[in-house]
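Here is what each chain is made of, one letter per residue.
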Amino acid sequence: VRRGERMHEELDPPVATGHPDIFQVTWRIRSFKGSKNKGKMVSTEFDVGGVAWSLNLYPQGVEKHSTHSEQLGLFLDSTPHGDTHPEYKVSACFEFTVISTNLAVVKQRSLHHNFTQDDTTWGFHSMLKLSTLHDPASGYLPGDVLTVTLRVRVLPDHSSLTEQAARLLLHDARADTGFVGLKHS
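Residues numbered from 1 in each chain as written. Predicted model: local features only at pLDDT ≥ 70, side-chain atom pairs only at ≥ 80, totals over all residues. Heavy atoms only, no water.

Trainee: Got a minute to help me understand the side chain of Glu-95 in this structure?
Mentor: Mapped onto the fold, Glu-95 is located in strand 8 (residues 89–98). At 2.8 Å, the side chain of Glu-95 and the side chain of Ser-110 are in polar contact. (Helix = DSSP H or I, 4+ residues; strand = E, 2+ residues; numbered from the N terminus. Polar contact = N/O pair within 3.5 Å; in protein donor to acceptor, adjacent residues only side chain to side chain.)

This is the structure:
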């Protein structure tokens, strides 16, 4: 596993989003075009909900010679702390956003997954087409910096959710909009 070069990456610590269970992390990779020959980049670990996490990014796709080779791959990795029980399970909703200076082309995808001792990594083989990522008009690499944000919420149960339901659990309408219902205004 090749780790991100520390002088070229910057990971902001998790910050609360206005909801006590939803946190956001921002990962900036500088000199991204120069690092595109690496097979896998791994962020610095961070803690949310008592779980150690890291981001895995595949700047040239997850697998060479596959349908995903022309796509940016982006995954969330759960790292069990110390001696974990074989029944280790963490249920989480998460949302990746690849930031662009052109707000019309921002790429965002949400997901829910039950992480286990044997299944610690989950995400997207095809987060964004590499041709779009490297197109200057898309605005994804201003100053040769790739910026990815992650919103994550650790859930108390281990149920299965659709992408739409996961997205709803990652946003607090009151915190995001400042609005409250008519009954509370």
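Trainee: I keep staring at the environment of Glu-45 and nothing clicks. Help me out?
Mentor: As for its position among the elements, Glu-45 is in the loop between strand 4 (41–42) and strand 5 (46–48). Remark: the alpha-carbon pair of Glu-45 and Asp-77, spanning 32 residues in sequence, is separated by 9.3 Å. Once residues within four sequence positions are removed from consideration, Glu-45 is found in contact with Leu-11, Ala-52, Trp-53, Ser-54 and Thr-79. (Contact = heavy atoms within 4.5 Å.)

Trainee: It is not clear to me how the side chain of Gln-71 should be interpreted in this structure. Could you clarify?
Mentor: One can find Gln-71 in strand 7 (residues 71–79). A polar atom in the side chain of Gln-71 sits 3.4 Å from the backbone nitrogen of Lys-129. Setting aside residues no more than four positions away along its own chain, Gln-71 makes contact with Tyr-58, Gln-60, Gly-61, Val-62, His-125, Ser-126, Met-127, Leu-128, Lys-129 and Leu-130.

Trainee: Just to check I follow, could you spell out the packing of aromatic side chains for this structure?
Mentor: One pair of aromatic rings is described through two measures. These are the centre distance and the angle between the planes. One pass over the full model with this rule turns up 5 aromatic pairs. Aromatic pair Phe-96 and Phe-124: ring centres 6.3 Å apart, planes at 75 degrees, arrangement edge-to-face. Of this pair, Phe-96 sits in strand 8 while Phe-124 is found in strand 10 (residues 121–129), placing the two residues 28 residues apart along the sequence. Overall, Phe-96 belongs to the buried group, its relative accessible area being 0%. Exposure remark for Phe-124: the relative accessible area of 6% places this residue in the buried category. (Phe/Tyr/Trp six-rings, centres within 6.5 Å; stacked < 30°, edge-to-face > 60°. Buried < 20%, exposed > 50% of the residue type's maximum accessible area, 1.4 Å probe, protein only.)

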